[in-house]
Amino acid sequence: MRSSQVLIATLKETPADAEIISHQLMLRAGLIRRSASGLYTWLPMGLKVLRKAEAIVREEMAKAGAQELLMPSIQPAELWQQTGRWEKYGPELLRINDRHGREFCYGPTHEEVITDLVGQEIRSYKQLPITFYQIQTKFRDEIRPRFGLMRAREFLMKDAYSFHLDQDSLQQTYDTMFAAYTRIFERMGLNFRPVLADTGSIGGNASHEFHVLASSGEDAIAFSNQSQYAANVELAEAIAPSGERPAPTATMAAVDTPKQHTIEQVCDFMKVSADQCVKTLLVEGVAEDSVVALVLRGDHELNDVKAEKHSLVASPLTFATPEQVTAACGANIGSIGPVGLTIPVIVDRAAAHLADFICGANQNGQHLAGVNWVRDLPEPETVDLRNVIAGDASPDGEGNLEIARGIEVGHIFQLGDNYSQKLNANVLAESGKAQILTMGCYGIGVSRVVAAAIEQHHDDRGIIWPLALAPFQVVLVPINAHKSVRLRDAAEAMYQQLLDAGFDILFDDRKQRPGVAFADMDLIGIPHRLILGERGLDEGLVEYKCRADGSDAEFAISDVIEQLTQRMEA
RNA sequence: CGGGGUAUAGCGCAGUCUGGUAGCGCACUUGUCUGGGGGACAAGGGGUCGCAAGUUCGAAUCUUGCUACUCCGACCA
């Protein structure tokens, strides 16, 4: 394609409201433009990228045996009322009335529609298992859209749904999808990790999120440096420290710690490290007006979700008021500790492993040092209460955890029969009896993948597209072609030759100065660049530059196809 | 929804405090020179200063109300 035929809408300056790199670069490179909050137009150059991402998804879905269909973006309220989500989904669901006053919503997801469809169309177990997918525009009325396409309200999603007679079959398709997702993100050239996700009520290894690793990611991921283990930080289990708890060596003694309230202050004051202290947090209990003490090592952070799962702890997690704290401990927050408490005390595994530790004395302005479980206070009830931190042992026993940030671009999970039951999706089984279907569900945020790829692949000059996603693989830049017929002819000939050879090539035939062309193409991020100038032409040479590593080369014009092919395969 | 901020040319911004003919840079148009990393000079085009009401001889500027956008937080099967 010729650049005179594609809108090249590059911007020199960064629009003020773009916070993150991918948003800035997508605007600057002329891939997208904002229409309203969370709503974007894909400009031609950007759409080429989006279509490439879609094509990869389609190919891999086909290989995985999924069939493409297209459901309506607007869905009738009745289906959502049947599954109860019309009430449950909340204001994120954009509700619409038609001229007759009938209620609809703009679909944020399509479980209802597909389940309803399958319930009507699939009648026999012989037709199972079956998987459908679509690539559809979704709308979620986010409270606060931000980060451009990363968290837009309208976005493009691939969603697939599989239907089965039994769990085994579901597990099989799930595994197939897991493999397909891995191939998709590999083909896109992304550094990603499948991550264990919240399995909710279903249990087992029934849900994985696929995260693209990038420092701007919204989610923290813990992964083992030696095994495949990876999980959302909130979910990763903090296992008990190995070995026996050390024996007490110190005697318990009260220390005056005037005005030292935080762990940091106490550590500073007493010249100890935070991992020798425990912190005590009081939260509301399940029983009315009750409070429960949660005890963590000083350098650890409470994990709300884990705490809420405890049978004595009220959900949602609510911290006790200062009055409640004083009533339960006889001291203010900042001087409380587990020694001598009459309320339930729940202790994190790591804190329970300490000996000779420091804690608040339940006496204002005092802490206790040399405290030991069993000797000074009862052997505690021990559970996993904290967020994992870098260096913790991996829960699968292999290696240690590292923490990275990730952008969730895919999510697969086993739905069970939630929807099929409510929408009455059943088939006749071999036995001749009706049987409710069990379902799996598999999503990829296609538009988000594009943004995530940029977050992961850019430099200060612009985007560096992975070859598979680039709007064009190659750009041909003739230098000052408008001044030389000879050069123009040579460039045209090369363009035609590369086109015929099947290259996805952009011919920058604009009457621009070379610097402008170079800067634009760097910003847009086209992986391979060919430069044809009078100088080279005299010697029969064309110049080459690689966007990713900046390396350049010169080779004979007659070798251009071979040379390019070689570099693309590298 | 709570707390901040912003709204002036396509983009980035100044001007608002202290009311008096609407500005700068980039982009755009034309011409000349230039011509291998966002060129120079010259001449141009483009704005109901977010909307509405008010104060005033006079409002981008002061007052009130509204709207949109944006940042932080809460929220996010």
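Below is a short write-up of the structure. Small disclaimer: the values here were computed from a predicted structure and weren't measured. (Residues numbered from 1 in each chain as written. Chains lettered and ligands numbered in written order. Predicted model: local features only at pLDDT ≥ 70, side-chain atom pairs only at ≥ 80, totals over all residues. Heavy atoms only, no water.)

### Notes on the protein's contact with RNA strand B
Looking at RNA strand B, there are 35 residues lining it, with Arg 151, Asn 480, His 482, Asp 522 and Glu 543 nearest. Among all atoms of RNA strand B positioned within 4 Å of the protein, those belonging to sugar or phosphate total 40%. The separation between a phosphate oxygen of RNA strand B and a polar side-chain atom of Ser 37 is 3.0 Å. In this structure, Arg 146 approaches RNA strand B through a side-chain N or O atom, which is 3.3 Å from a base nitrogen. Mapped onto the surface near RNA strand B, the elements with two or more residues apiece are helix H14 (514–524), strand S28 (528–532) and strand S29 (541–546). In terms of residue count, H14 provides more of the surface near RNA strand B than any other element does, eight residues in total. When its residues are assigned to classes, the surface near RNA strand B shows 11 nonpolar, six polar and 18 charged. (Near = heavy atom within 4 Å. Polar contact = N/O pair within 3.5 Å; in protein donor to acceptor, adjacent residues only side chain to side chain. Helix = DSSP H or I, 4+ residues; strand = E, 2+ residues; numbered from the N terminus. Nonpolar A, V, L, I, M, F, W, Y, C, P; charged D, E, K, R; others polar.)

### Remarks on the sheet that holds S28
Read across the open sheet, the five strands follow the order S27-S26-S28-S29-S30; overall the sheet is mixed. Strand pairing shows two members of the sheet lacking a second neighbour, strand S27 (505–507) and strand S30 (552–556), which therefore form its edges. Averaged over all adjacent pairs, the angle separating strand axes in this sheet is 25°, with direction ignored. (Pairing = 2+ DSSP bridges. Axes fitted to C-alpha atoms, helices over the stretch in contact; angles between N-to-C directions.)

### Some details on unusual backbone geometry
Residues Leu 128 and Pro 129 are joined by a peptide bond in cis, for which omega reads -5°. Among the structural elements, Pro 129 can be located in the loop between helix H5 (111–121) and strand S7 (130–139). Phi at Asn 362 takes a positive value of approximately 60°, unusual for a residue other than glycine. Residue position: Asn 362 is located in the loop between strand S17 (357–360) and strand S18 (366–371).

### Details of the pairing of S18
Remark: a regular strand shows side chains that alternate across the two faces of the sheet. Extensive coverage of S18 is indicated by the burial of five of its six residues. For strand S13 (residues 253–256) and S18, the ladder comprises four bridges, and the chain directions are antiparallel. Across the sheet, residue Val 255 finds its bridge partner in S18, namely His 367. Across three bridges, S17 lies against S18 in antiparallel orientation. Its bridge partner lying in S18, Gly 360 is registered against His 367. Hairpin connection between S17 and S18: a loop of five residues separates the two successive antiparallel strands, and Asn 362 in this loop has a positive phi of roughly 60°. (Buried < 20%, exposed > 50% of the residue type's maximum accessible area, 1.4 Å probe, protein only.)

### Observations regarding the sheet that holds strand S19 (residues 381–383)
The mixed open sheet is built from four strands, whose spatial order is S14-S15-S16-S19. Where the open sheet ends on each side, the last strands, each with one partner, are strand S14 (278–284) and S19. Each strand of the sheet is rotated relative to its neighbour by a mean of 30°, with strand direction disregarded. In this structure, S14 lies alongside strand S15 (residues 291–297), joined through seven bridges in antiparallel fashion. By the bridge assignment, Thr 280 is partnered in S15 with Val 295.

### Considerations on the environment of Asn 387
For Asn 387, the location among the structural elements is in the loop between S19 and strand S20 (401–416). Measuring from C-alpha to C-alpha, the distance between Asn 387 and Ala 222 comes to 9.9 Å, with 165 residues separating the pair along the chain. Within polar-contact distance, the side chain of Asn 387 engages the side chain of Asn 303 at 2.8 Å.

### Some details on the packing of helix H1 (residues 21–28) against helix H12 (residues 446–456)
Interaxial distance between H1 and H12 falls to 8 Å at its minimum, and their mutual angle equals 105°. Judged by the inter-axis angle, H1 sits roughly perpendicular to H12. Only Val 450, Ala 451, Ile 454 and Glu 455 of H12 make contact with H1, whose side of the interface consists of Ile 21, Ser 22, Leu 25 and Met 26. A breakdown of the residues in the contact of H1 with H12 according to their chemical character gives six nonpolar, one polar and one charged. (Parallel < 35°, antiparallel > 145°, perpendicular 65-115°, else oblique. Contact = heavy atoms within 4.5 Å.)

### Thoughts on the state of the cysteines
Counting across every chain of the model gives zero disulfides. The thiol sulfur of Cys 105 is not disulfide-bonded, and the nearest other cysteine sulfur, from Cys 441, lies at 16 Å. For Cys 105, a relative accessible area of 0% corresponds to the buried category. (Disulfide = S-S within 2.5 Å.)

### Some points on the packing of helix H2 (residues 44–63) against H12
At a minimum axis distance of 9 Å, the contact between H2 and H12 shows a crossing angle of 115°. Classed by the angle they form, the pair H2 and H12 counts as roughly perpendicular. Here H2 runs over H12; the crossing is right-handed. In contact with Val 49, Leu 50, Ala 53 and Glu 54 of H2, H12 contributes Val 446, Ser 447 and Val 450. (Left-handed = near helix turned anticlockwise from the far one by under 90°.)

### What to know about the pattern of salt bridges
Where side chains of opposite charge bring their charged atoms close, a pairing between them can arise. Counted by the stated rule, this structure contains 32 salt bridges. As a salt-bridge pair, Arg 2 and Asp 509 come within 4.0 Å of each other at their nearest N and O atoms. Pair noted here: Arg 2 is in the segment before H1 and Asp 509 is in the loop between S27 and H14, with a separation of 507 residues, a long-range link. Given the relative accessible area of 26%, Asp 509 is considered partly exposed. Residue Arg 386 pairs with Asp 348 through a salt bridge whose shortest N-O separation is 3.4 Å. Taken together, the residues Arg 386 in the loop between S19 and S20 and Asp 348 in strand S16 (residues 345–348) connect sequence positions 38 residues apart. As far as burial versus exposure is concerned, Arg 386 and Asp 348 are alike and both buried. Within this structure, Glu 59, Glu 60, Lys 63, Arg 183 and Arg 187 form a network of salt bridges that share partners. (Salt bridge = Lys/Arg side-chain N within 4 Å of Asp/Glu carboxyl O.)

### Re the nonpolar core
Counting 65 residues, the largest nonpolar core has Leu 31, Met 61, Tyr 181, Phe 185, Met 188 and Trp 465 as the members making the most contacts within it. Formed by 25 residues, the second largest nonpolar core is a distinct cluster that contains Ile 114, Phe 163, Ala 425 and Leu 437. (Core = buried A, V, L, I, M, F, W, Y, C linked by side-chain atoms within 4.5 Å.)

### Let's talk about the environment of Ile 122
Note on placement: Ile 122 falls in the loop between H5 and S7. Given the relative accessible area of 6%, Ile 122 is considered buried. In the structure, Ile 122 is positioned 303 residues away from Ala 425 in sequence and 8.4 Å away in space, judged by C-alpha atoms. Excluding its chain neighbours within four sequence positions, the residues that come into contact with Ile 122 are Gln 127, Leu 128, Ile 130, Asn 426 and Val 427.

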